[in-house]
Amino acid sequence: MNEPVTPEWLYLSRRRFIKGLAALGVVAGSTPLAYAADNLSDEITPFEKASAYNNFYEFSLGKTEPADLAKGFVTSPWRVAVGGLVAKPATFDMKEILARFPQRDRVYRLRCVEAWSMVIPWRGFPLAALLDEVKPAPEAKFVRFETAVVPKQMPGVRAGNLPFPYVEGLRIDEARHPLAILATGMYGKPLPPQNGAPIRLVVPWKYGFKSIKSVVKIDLVAEQPRTTWQAQNPAEYGFYANVNPTVDHPRWSQASERRIGEWLRRKTLPFNGYMEVASLYKGMDLTKNF
Ligand SMILES: Nc1nc2c(c(=O)[nH]1)N[C@H]1C(S)=C(S)[C@@H](COP(=O)(O)O)O[C@H]1N2
Ligand SMILES: [Mo]
């Protein structure tokens with residue numbers, strides 16, 4: 001089942017926009033570029049691009065190297081240990097995960113904090129379904145995720161590209177939001193290693209670095225976890241990291257982005273266009289909690 005990437009309000013604004021163009025006498029043939037400038041189409045990024053332009057610092061600091069360097073990465077057998085403040089801690093084998101949680105296809109925009117973006121058809125299941133299995137305790141307020149550390153297979157770990165393991169975190173209500181998924185595949189196939197095989201988080205309303213790859217450990221915790229990028233540079237990377245065109249990165253604007261495969265930059269949308277998550281942040285100052 002595919003869920004549409006573009007919410008209805010965007011379609012409506014597109015129709016209004018087309019009317020506006022007609023009034024100005026703009027020919028139909030020129031509209032795709034105008035759409036691009038105004039956020040109005042969300043074509044799926046070709047698999048060849050989404051699997052060849054990656055951020056995966058365990059393998060490399062470069063974008064095109066992970067595809068080559070992760071080629072032989074061993075992702076089977078693979079286990080994910082889920083524990084911390086839970087009634088039923090469990091270690092799941094990947095086979096068990098695939099059998100127990102029905103896998104669905106979902107097309108999401110992915111917006112990197114570096115101001116490029118893609119549209120990726122993921123296959124996966126709601127993170128909430130996994131959390132339900134282990135029964136979080138009432139004191140559990142956050143979820144902490146860790147990536148595998150395999151120095152023998154990961155040249156970027158050997159090089160010390162970052163302090164590993166790569167750690168990410170979500171507040172528990174964010175983690176339970178139906179848009180937050182654990183992905184096991186993309187484009188109808190298992191995840192390529194460079195995209196975080198065999199299982200990675202996808203949180204489409206947050207900058208891409210929150211969507212931690214090749215997860216081996218998930219813990220329910222009481223305190224906000226110290227995440228890799230926040231620890232690296234707290235002034236540049238916040239814990240929340242919600243896509244927000246009004247809060248610039250100290251070194252570049254976040255108002256617009258380059259959609260991989262397009263010519264013109266397009267406007268960045270609040271929460272990457274997923275306005276249904278806005279209620280999670282009611283009463284919070286998102287310029288302080290960036
Ligand atoms: N473990 C780990 N997860 C990671 C990263 C990383 O370097 N290591 N990079 C992040 C960043 S910055 C982005 S933009 C996305 C990129 O995902 P993709 O390569 O599947 O497009 O993965 C995120 N997850
Ligand atoms: Mo990123």
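The preceding data block contains the structure.
Residues numbered from 1 in each chain as written. Chains lettered and ligands numbered in written order. Predicted model: local features only at pLDDT ≥ 70, side-chain atom pairs only at ≥ 80, totals over all residues. Heavy atoms only, no water.

Some words on the overall build of the protein
Inference 1: Summing up its helical and strand segments, the protein has 9 helices and 13 strands in all.
Inference 2: A total of 290 residues make up the protein; the buried ones form 52% of that total.
Inference 3: Taking contacts inside the protein between residues at least 6 apart in sequence as the whole, the part at least 24 apart equals 71%.
Inference 4: A total accessible area of about 13400 Å² is found for the protein, and carbon and sulfur atoms account for 59% of it. (Helix = DSSP H or I, 4+ residues; strand = E, 2+ residues; numbered from the N terminus. Buried < 20%, exposed > 50% of the residue type's maximum accessible area, 1.4 Å probe, protein only. Contact = heavy atoms within 4.5 Å. Areas by Shrake-Rupley, 256 points an atom, 1.4 Å probe, with all protein chains shown as cover.)

Some thoughts on the site of ligand 1
Inference 1: Around ligand 1 sit 16 residues in total, of which N54, Y57, E58, T147 and K213 are the nearest.
Inference 2: Contacts to ligand 1 include Y57, whose backbone N or O atom sits 2.7 Å from an oxygen atom.
Inference 3: Calculation on ligand 1 without its partners gives an accessible area of 530 Å², and the protein chains cover 98% of this total.
Inference 4: A breakdown of the residues in the shell around ligand 1 according to their chemical character gives 7 nonpolar, 6 polar and 3 charged. (Near = heavy atom within 4 Å. Polar contact = N/O pair within 3.5 Å; in protein donor to acceptor, adjacent residues only side chain to side chain. Nonpolar A, V, L, I, M, F, W, Y, C, P; charged D, E, K, R; others polar.)

Some words on the pairing of strand β3 (residues 90-93)
Inference 1: As defined by bridge partners, strand β2 (residues 79-84) adjoins β3 across 4 bridges and the pair is classed as antiparallel. Bridge assignment links V80 to a residue of β3, and that residue is F92. (Pairing = 2+ DSSP bridges.)

A closer look at the environment of K189
Inference 1: Considering the arrangement of structural elements, one finds K189 in strand β9 (residues 189-190).
Inference 2: A C-alpha to C-alpha distance of 7.9 Å links K189 and R123, two positions 66 residues apart in sequence.

Re helix α6 (residues 127-134)
Inference 1: Burial in α6 covers these residues: L127, A128, L130, L131 and V134. The arc enclosing the buried residues of α6, seen along the axis, measures out at 160°, which places them on a common side. (Arc of directions from axis to C-beta.)

A short note on the sheet that holds strand β7 (residues 167-171)
As a general point, the strands of a sheet are linked pairwise by backbone hydrogen bonds and lie either parallel or antiparallel.
Inference 1: One open sheet holds the 5 strands; their spatial order is β3-β2-β11-β6-β7, and the pairing between them is mixed. With one partner strand each, in any of the chains shown, β3 and β7 form the two edges of the open sheet. Going from strand to strand, the sheet's axes swing by 15° on average, the running direction of each strand aside.
Inference 2: Pairing between strand β6 (residues 142-147) and β7: 5 bridges, direction antiparallel. Each bridged residue has a counterpart across the sheet, and for R144 the counterpart in β7 is G169.
Inference 3: Sheet contacts for α6: β2, β3, β6, β7 and β11 (215-221); angle to β3, the most-contacted strand, approximately 135°. (Axes fitted to C-alpha atoms, helices over the stretch in contact; angles between N-to-C directions.)

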